[in-house]
Amino acid sequence: MNRIRPSLLLLPVLVALAVPPAHAQTDAQLWANLTLNWLKSDRLVYELDLEPKALLAAPKGEPDWRNLDVTPNIEFSPNGWLDLVGEVATGYTKQTDDLNSFEVSPRVGVRVHFLSRGVPTGLRTRERPPARRIVFRDLVRVESRNMFYTGAGRGSDSTVRFRNRLEFLVPLNKQKISEDGARYLLTDWEWYIP
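Residues numbered from 1 in each chain as written. Predicted model: local features only at pLDDT ≥ 70, side-chain atom pairs only at ≥ 80, totals over all residues. Heavy atoms only, no water.

Asks: Could you clarify how one ought to interpret the overall build of the protein in this entry?
Replies: Of regular secondary structure, the protein possesses 1 helix and 9 strands. Buried residues in the protein amount to 28% of all 194 residues. In the protein, the share of contacts with a sequence separation of at least 24, taken over all contacts with a separation of at least 6, comes to 51%. (Helix = DSSP H or I, 4+ residues; strand = E, 2+ residues; numbered from the N terminus. Buried < 20%, exposed > 50% of the residue type's maximum accessible area, 1.4 Å probe, protein only. Contact = heavy atoms within 4.5 Å.)

Structure follows, in structure tokens:
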């Protein structure tokens, strides 16, 4: 059984401490993420993403907030270098004592694997392993973000926006991220238009 080395657990803490504090009013937020995947075939994956967030320490005079996002997702791989992605992000946010919001945001897009994935090996393997050690991919999506407000700010708001996220995955303890027991570092950068 593989065990996580204590040094790997301290890595995020050390990185956070190394970043100099901002001189503006700061807050403390706690975000968590749990992702469950069901590999239905070598080309089809279902995913459920749960993401609770909370403001632990608000700047003086600002209200605190809590949020829970639930996002079901489906991905289909027509070939080794492209995934078709569809998902619906839903979320509830307790914004203030007087205002709450509910979000429904359907998204469609494609993920391009620049370092293409290899062919599954073995009879029971459903996942397409990466062909190289470092995985570099780009997720391009269009979403319709729909916000519904309750309380003092009753009403709704809708926007359509383009999203582009570059993702880098590097295995830490195995040759490839698809190997059993692999731990990896994921970093991404995403921008939105508008």
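Continuing now.
Asks: Help me out: how do you make sense of the side chain of Asp49 in this one?
Replies: Structurally, the position occupied by Asp49 is in strand 3 (residues 44–57). Side-chain polar atoms of Asp49 contact the side chain of Thr35, separated by 2.8 Å. The contact partners of Asp49, leaving out residues within four places of it in the chain, are Asn33, Leu34, Thr35, Asp69, Val70 and Thr71. (Polar contact = N/O pair within 3.5 Å; in protein donor to acceptor, adjacent residues only side chain to side chain.)

Asks: I keep staring at the pattern of salt bridges and nothing clicks. Help me out?
Replies: Across all of its chains, the model carries 16 salt bridges by this definition. Taking the shortest distance from any N to any O, the salt bridge between Arg107 and Glu143 comes out at 2.6 Å. Here Arg107, found in strand 6 (residues 99–113), pairs with Glu143, found in strand 7 (residues 135–151); they are 36 residues apart in sequence, far enough to count as distant. Just as Arg107 is buried, Glu143 falls in that class too. With a shortest N-O distance of 2.5 Å, Glu167 and Arg137 are connected by a salt bridge. Separated by 30 residues along the polypeptide, Glu167 in strand 8 (residues 155–171) and Arg137 in strand 7 bring together distant segments of the chain. What makes Arg137 buried here is its relative accessible area of 17%. (Salt bridge = Lys/Arg side-chain N within 4 Å of Asp/Glu carboxyl O.)

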